[in-house]
2 protein chains.
Amino acid sequence: MEPGLKNDGPSLDTILVNYLDTLTQRVNYHLGYPVNICYDHYATLAPLLQFHLNNCGDPFLQNTVDFHSKDFEVAVLDWFAQLWEIEKDQYWGYVTNGGTEGNLHGILLGRELLPEGILYASKDSHYSVFKAARMYRMDSETIKTSVNGEMDYSDLRAKLLQNKDKPAIINVTIGTTFKGAIDNVDVILETLKDCGYSQDRFYIHCDAALCGLMTPFINNMISFKKPIGSVTISGHKFLGCPMPCGVQITRKSYINNLSTNVEYIASVDATISGSRNGLTPIFLWYSLACKRPRDHEFVRRWQLSCVKDMAHVIVMPGITREMLDNFISELVQQRKVWYQNGKTNPPCVGEDIGAQNCACSYHKIDYISP
Amino acid sequence: MEPGLKNDGPSLDTILVNYLDTLTQRVNYHLGYPVNICYDHYATLAPLLQFHLNNCGDPFLQNTVDFHSKDFEVAVLDWFAQLWEIEKDQYWGYVTNGGTEGNLHGILLGRELLPEGILYASKDSHYSVFKAARMYRMDSETIKTSVNGEMDYSDLRAKLLQNKDKPAIINVTIGTTFKGAIDNVDVILETLKDCGYSQDRFYIHCDAALCGLMTPFINNMISFKKPIGSVTISGHKFLGCPMPCGVQITRKSYINNLSTNVEYIASVDATISGSRNGLTPIFLWYSLACKRPRDHEFVRRWQLSCVKDMAHVIVMPGITREMLDNFISELVQQRKVWYQNGKTNPPCVGEDIGAQNCACSYHKIDYISP
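Residues numbered from 1 in each chain as written. Chains lettered and ligands numbered in written order. Predicted model: local features only at pLDDT ≥ 70, side-chain atom pairs only at ≥ 80, totals over all residues. Heavy atoms only, no water.

## Quick notes on the overall build of chain A
Reasoning step 1: On a plain count of helices and strands, chain A comes out with 16 helices and nine strands.
Reasoning step 2: Across the 370 residues of chain A, 54% fall into the buried class.
Reasoning step 3: Here the analysis covers contacts within chain A between residues at least 6 apart in sequence; of these, 66% occur between residues at least 24 apart.
Reasoning step 4: Accessible area for chain A stands at about 17300 Å²; split by element, carbon and sulfur atoms hold 52% of it. (Helix = DSSP H or I, 4+ residues; strand = E, 2+ residues; numbered from the N terminus. Buried < 20%, exposed > 50% of the residue type's maximum accessible area, 1.4 Å probe, protein only. Contact = heavy atoms within 4.5 Å. Areas by Shrake-Rupley, 256 points an atom, 1.4 Å probe, with all protein chains shown as cover.)

Next comes the structure, spelled out in structure tokens:
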């Protein structure tokens with residue numbers, strides 16, 4: 001049923017109902033793309049659709065209009081800055097319309113800092129990286145990849161040596177679109193050093209669209225403690241969001257530098273989009289917040305201090321047996337709600353407190369087995 | 001109340017409820033920006049938030065994923081193509097993330113068609129136009145404006161004559177951000193001709209962000225019957241949408257030309273964003289559809305042919321008095337629903353059928369006054 005804008009078609013409601021039906025059926029057959037296709041929190045957030053929310057321009061500058069969500073946006077950015085190990089007063093960033101906008105922004109930053117720079121990107125890089133080179137009139141070198149899709153570092157080395165007179169702007173892919181391959185930032189940094197590129201003669205943009213939320217938990221691949229320039233992720237892929245979005249984080253000094261040198265781009269607005277979606281920061285914020293302690297009320301009520309998936313109880317002289325009994329009784333009660341009477345599982349904290357002390361379904365079974 | 005992502009803050013629900021309260025109160029004090037701040041259809045469309053909808057790449061190419069709204073998008077594009085007088089098989093376009101993306105796309109098209117072209121834009125143009133020039137490494141000329149914000153055509157002429165050896169890419173603003181001034185396309189075309197620029201040596205992009213939906217009803221300012229290259233509007237300003245969006249329309253031949261010459265930009269994806277918001281096309285479609293006959297069921301039931309705000313009844317030999325009585329009786333009944341018992345007004349069709357025949361509130365009063 002085609003949703004035309006002619007008068008002779010079915011009613012609007014019929015078209016919408018049919019469309020929603022199709023989507024509901026097709027959810028069960030979505031295997032081939034790295035997207036979190038369902039958004040669980042939609043009912044809670046639906047009232048936001050009443051308003052036009054526009055985070056126009058810089059997220060850290062307040063608007064004279066109230067219809068934005070910049071406070072939510074900054075909370076999300078702070079979270080990612082912490083994840084990627086850069087201090088609050090050292091970073092700048094914004095919630096983008098998706099991974100492509102992050103790449104367009106990161107590569108533009110590189111070019112503005114190193115105007116003569118050549119863009120190096122592996123052939124498995126996202127196509128938006130080469131699109132950026134074309135848009136920005138930059139010279140570029142395509143680097144070969146291994147069968148698993150990872151950058152061929154010897155080819156990178158050869159091409160860096162060929163172009164030693166020009167600075168290097170390198171796109172590092174943390175999770176290629178098709179094979180999920182991860183280019184190794186450390187090897188790339190080592191290669192740059194070996195080829196004689198000092199830190200003022202290269203810029204590294206990390207396209208972490210898919211894996212930016214995983215790698216920090218596996219190793220410290222993405223960290224601003226290393227001389228990288230920008231990192232971007234897709235918000236809709238791992239976290240889930242009803243529409244495409246992303247996060248771009250870079251060093252504040254680069255944006256300040258832009259503000260001085262590039263009147264038009266940054267003094268007014270250092271983003272690509274200008275008018276920006278005000279809903280996506282709230283969706284991201286809500287998704288992230290829901291992955292923190294499941295029950296804020298409970299945490300507040302018992303004034304618990306939480307770290308990762310843990311909270312502790314401190315038995316000081318003033319604590320009575322009655323207080324502890326009340327706490328335990330409420331905890332047992334609330335756990336039934338949190339884990340839906342055993343339908344979902346508590347998080348594993350075996351690595352933090354020892355497997356024998358962990359009550360997750362895996363360790364609990366392990367413990368009671370013969 | 002700050003929406004942080006720490007554990008010690010208020011609950012998520014408290015933060016959201018407070019945020020919605022503030023927005024609801026502030027709606028009454030929104031005077032300074034050209035945005036339709038409230039979106040009436042939110043309840044109907046809220047269920048769409050359950051899914052991640054992504055109109056990745058070209059709207060006219062089908063995805064292998066079902067979670068998109070390209071059929072709705074094409075319906076919206078067709079509507080705008082008709083408004084701006086270009087045939088269905090002659091145009092290409094897409095729903096953008098806002099006016100800025102439309103400008104970035106239009107100016108890029110101009111540059112790809114005329115790589116040596118100089119960008120001409122009045123100083124009252126949107127800042128994204130000069131941002132584009134910087135991003136794309138284009139030479140640009142800023143044209144003076146009159147006190148009302150309109151382009152100074154004698155200054156344009158002087159600068160065109162100075163640069164006669166290079167093609168011209170002209171940004172025409174249809175409704176400047178601050179003063180709402182409209183650059184006159186016809187005068188600009190006349191000036192180009194006078195200065196000796198043939199049609200293959202200029203490209204015109206119309207930034208109609210604000211007024212693109214009004215001008216066609218005032219005069220024929222925007223029409224692809226004139227040698228213009230692209231038109232963009234903001235979807236959220238006049239139509240209303242809970243988040244920024246826009247429409248970009250251009251000539252298909254330009255995109256086909258890109259597809260041949262520019263492997264990376266167009267063969268895969270001729271849009272700027274790549275992953276694209278799948279919700280905004282549905283919001284735009286719904287807003288446009290609601291401005292068509294108020295009651296599709298009624299139109300279908302009586303098989304009426306509608307043009308603009310009019311429908312006619314054809315009394316052929318087979319039509320009985322009884323049929324006409326039934327029709328009139330239903331019409332009178334339904335009008336009470338459509339116009340909420342006189343709380344809202346029927347559209348004015350005085351210009352089409354004569355003031356004395358029009359039943360809008362203005363003409364009706366005029367007619368019955370002494």
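## Considering helix α12 (residues 279–290) of chain A
Reasoning step 1: Taking 1.5 Å of rise per residue, twelve residues should cover 16 Å, and α12(A) covers 17 Å from first to last C-alpha, within 8% of that figure.
Reasoning step 2: Considered for burial, the residues of α12(A) that qualify are L279(A), T280(A), P281(A), I282(A), F283(A), L284(A), W285(A), Y286(A), S287(A), L288(A) and A289(A). (Expected span 1.5 Å × (residues − 1).)

## Some remarks on the packing of helix α1 (residues 12–26) of chain A against helix α12 (residues 279–291) of chain B
Reasoning step 1: Interaxial distance between α1(A) and α12(B) falls to 11 Å at its minimum, and their mutual angle equals 160°. For the element pair α1(A) / α12(B), the angle class is roughly antiparallel. Judged by the twist between their axes, the crossing of α1(A) over α12(B) is right-handed. For the pair α1(A) and α12(B), the contacting residues are L12(A), D13(A), I15(A), L16(A) and Y19(A) in the first and I282(B), W285(B), Y286(B), A289(B) and C290(B) in the second.
Reasoning step 2: Split by residue class, the contact of α1(A) with α12(B) holds nine nonpolar, no polar and one charged. (Axes fitted to C-alpha atoms, helices over the stretch in contact; angles between N-to-C directions. Parallel < 35°, antiparallel > 145°, perpendicular 65-115°, else oblique. Left-handed = near helix turned anticlockwise from the far one by under 90°. Nonpolar A, V, L, I, M, F, W, Y, C, P; charged D, E, K, R; others polar.)

## Things to note about the nonpolar core
Reasoning step 1: With 142 residues, the main nonpolar core has F80(A), W285(A), F80(B) and W285(B) as its most contacted residues.
Reasoning step 2: With sequence-adjacent residues up to four places away left out, F80(A) is seen in contact with L213(A), I233(A), L239(A), V247(A), I249(A) and L288(A). (Core = buried A, V, L, I, M, F, W, Y, C linked by side-chain atoms within 4.5 Å.)

## Structural notes on the packing of helix α6 (residues 153–162) of chain A against helix α7 (residues 185–194) of chain A
All names here are of chain A.
Reasoning step 1: At a minimum axis distance of 10 Å, the contact between α6 and α7 shows a crossing angle of 30°. When the axis of α6 is compared with that of α7, the two are roughly parallel. Handedness of the α6/α7 crossing: right-handed. Mapping the contact onto sequence places Y153, L156, R157 and L160 in α6 and V187, I188, T191, L192 and D194 in α7.
Reasoning step 2: Class assignment for the residues of the contact of α6 with α7 results in six nonpolar, one polar and two charged.

## Comments concerning unusual backbone geometry
Reasoning step 1: One non-glycine residue, R137(A), lies in positive phi territory at about 55°.
Reasoning step 2: Relative to the helices and strands, R137(A) is located in the loop between α5 (127–135) and β3 (140–143).
Reasoning step 3: By relative accessible area, R137(A) is classed as partly exposed at 32%.
Reasoning step 4: Positioned with a positive phi, E85(B) is a non-glycine residue whose angle comes to about 60°.
Reasoning step 5: Along the chain, E85(B) falls in the loop between α3 (70–83) and β1 (91–96).

## Digging into the sheet that holds strand β1 (residues 91–96) of chain A
Residue and element names in this part refer to chain A.
Reasoning step 1: Reading across from one edge, β1-β7-β6-β5-β4-β2-β3 is the order of the seven strands in this open sheet, with mixed pairing throughout. Two strands lie at the open edges of the sheet, namely β1 and β3, each paired on one side alone. On average, adjacent strands in this sheet sit at an angle of 15° to one another, irrespective of strand direction.
Reasoning step 2: Bridge count for strand β6 (residues 230–234) against strand β7 (residues 246–251) is five bridges, and the pairing is antiparallel. Its bridge partner being in β7, S230 is matched across the sheet by T250.
Reasoning step 3: Contacts between helix α4 (residues 99–113) and the sheet are confined to β1, β2 (118–122), β4 (168–173), β5 (202–207), β6 and β7, with β5 contributing the most and set at about 175° to the helix. (Pairing = 2+ DSSP bridges.)

## A closer look at the state of the cysteines
As used in these notes, a disulfide is a covalent bond between sulfur atoms, one from each of two cysteines.
Residues and elements named next belong to chain B.
Reasoning step 1: Tallied over the entire structure, the rule returns zero disulfides over all chains.
Reasoning step 2: Not engaged in a disulfide, the cysteine C245 finds its nearest cysteine sulfur in C241; these two sulfurs lie 3.8 Å apart.
Reasoning step 3: The buried category is assigned to C245, whose relative accessible area is 0%. (Disulfide = S-S within 2.5 Å.)

## Concerning the packing of aromatic side chains
Residues and elements named next belong to chain A.
Reasoning step 1: Scanning the entire structure with this criterion turns up 24 aromatic pairs over all chains.
Reasoning step 2: Summarising the aromatic geometry, the rings of F60 and Y91 are spaced 5.8 Å apart at their centres and angled 75° between planes, so their arrangement reads as edge-to-face. On the criterion of sequence distance, the pair formed by F60 in the loop between α2 (42–45) and α3 (70–83) and Y91 in strand β1 is long-range, its members being 31 residues apart.
Reasoning step 3: On the accessibility criterion, F60 (35% relative accessible area) is partly exposed. (Phe/Tyr/Trp six-rings, centres within 6.5 Å; stacked < 30°, edge-to-face > 60°.)

## So, the sheet that holds strand β5 (residues 202–207) of chain B
Residues and elements named next belong to chain B.
Reasoning step 1: Ordered in space as β1-β7-β6-β5-β4-β2-β3, the seven strands form an open sheet in which the pairing is mixed. Strands at the two margins of the open sheet, each flanked by one partner only, are β1 and β3 (140–143). For this sheet, the mean inter-axis angle between neighbouring strands, taken without regard to orientation, is 15°.
Reasoning step 2: Where α3 meets the sheet, it contacts β1, β6 (230–234) and β7 (246–251), and its direction lies at approximately 120° from that of β1.
Reasoning step 3: Here helix α4 (residues 99–113) sits on the sheet and contacts β1, β2 (118–122), β4 (168–173), β5, β6 and β7; the angle it forms with β5, its principal contact strand, is near 175°.

## Some remarks on the UniProt feature "modified residue: N6-(pyridoxal phosphate)lysine" (unreviewed entry) in chain A
Reasoning step 1: UniProt feature "modified residue: N6-(pyridoxal phosphate)lysine" (unreviewed entry): in the numbering of this structure it lies at K237(A).
Reasoning step 2: Note that K237(A) resides in helix α9 (residues 235–238). (UniProt positions renumbered as here; feature names shortened; annotations may be inferred.)

## With respect to the side chain of S69(A)
Reasoning step 1: Within the fold, S69(A) resides in the loop between α2 and α3.
Reasoning step 2: Taking the relative accessible area as the measure of exposure, S69(A) reaches 1% and is therefore buried.
Reasoning step 3: Not counting residues up to four positions away in its chain, the partners in contact with S69(A) are N55(A), G278(A), P281(A), I282(A) and Y19(B).

## Some details on helix α6 (residues 153–162) of chain B
Residue and element names in this part refer to chain B.
Reasoning step 1: Those residues of α6 lying buried are Y153, D155, L156, K159 and L160. The arc that holds the buried residues of α6, viewed along the axis, is 155°, so those residues lie on one side. More than 90 degrees from the buried face of α6, the exposed residues found are S154 and Q162.
Reasoning step 2: If you follow the buried residues of α6, they end up packed against β2, β3, β4 and α7 (185–194). (Arc of directions from axis to C-beta.)

## Considering the domain arrangement of chain A
Reasoning step 1: We note that the domain assignment places domain 1 (50–288) and domain 2 (293–366) within chain A.
Reasoning step 2: Spacing between the C-alpha centres of domain 1 of chain A and domain 2 of chain A amounts to 38 Å. (Domains from an automatic or database assignment.)

## Describing the pattern of salt bridges
Reasoning step 1: Under the defined criterion, the tally for this structure stands at 20 salt bridges over all chains.
Reasoning step 2: Residues K88(A) and D78(A) are paired through a salt bridge, measuring 3.2 Å at the closest nitrogen-oxygen approach. Taken as a pair, K88(A) in the loop between α3 and β1 and D78(A) in helix α3 lie far apart in primary sequence, ten residues in all.
Reasoning step 3: On the basis of relative accessibility, which here comes to 57%, the residue K88(A) falls in the exposed class.
Reasoning step 4: A single salt-bridge network, built from bridges that share partners, covers R111(A), E112(A) and R134(B). (Salt bridge = Lys/Arg side-chain N within 4 Å of Asp/Glu carboxyl O.)

## A short note on the confidence of the model for chain A
Reasoning step 1: With 87% of its residues at a pLDDT of 70 or more, chain A has an overall mean of 85.
Reasoning step 2: The ipTM assigned to the predicted complex is 0.80, against a pTM of 0.81. (pLDDT = per-residue confidence, 0-100.)

## Comments concerning the pairing of β6(B)
Residues and elements named next belong to chain B.
Reasoning step 1: Most of β6 sits out of view: five of its five residues are buried.
Reasoning step 2: Both faces of β6 are covered, namely the face carrying S230, T232 and S234 and the face carrying V231 and I233.
Reasoning step 3: Where β5 and β6 come together, three bridges link them in parallel fashion. In the sheet register, D207 faces β6, and the bridge partner there is T232.

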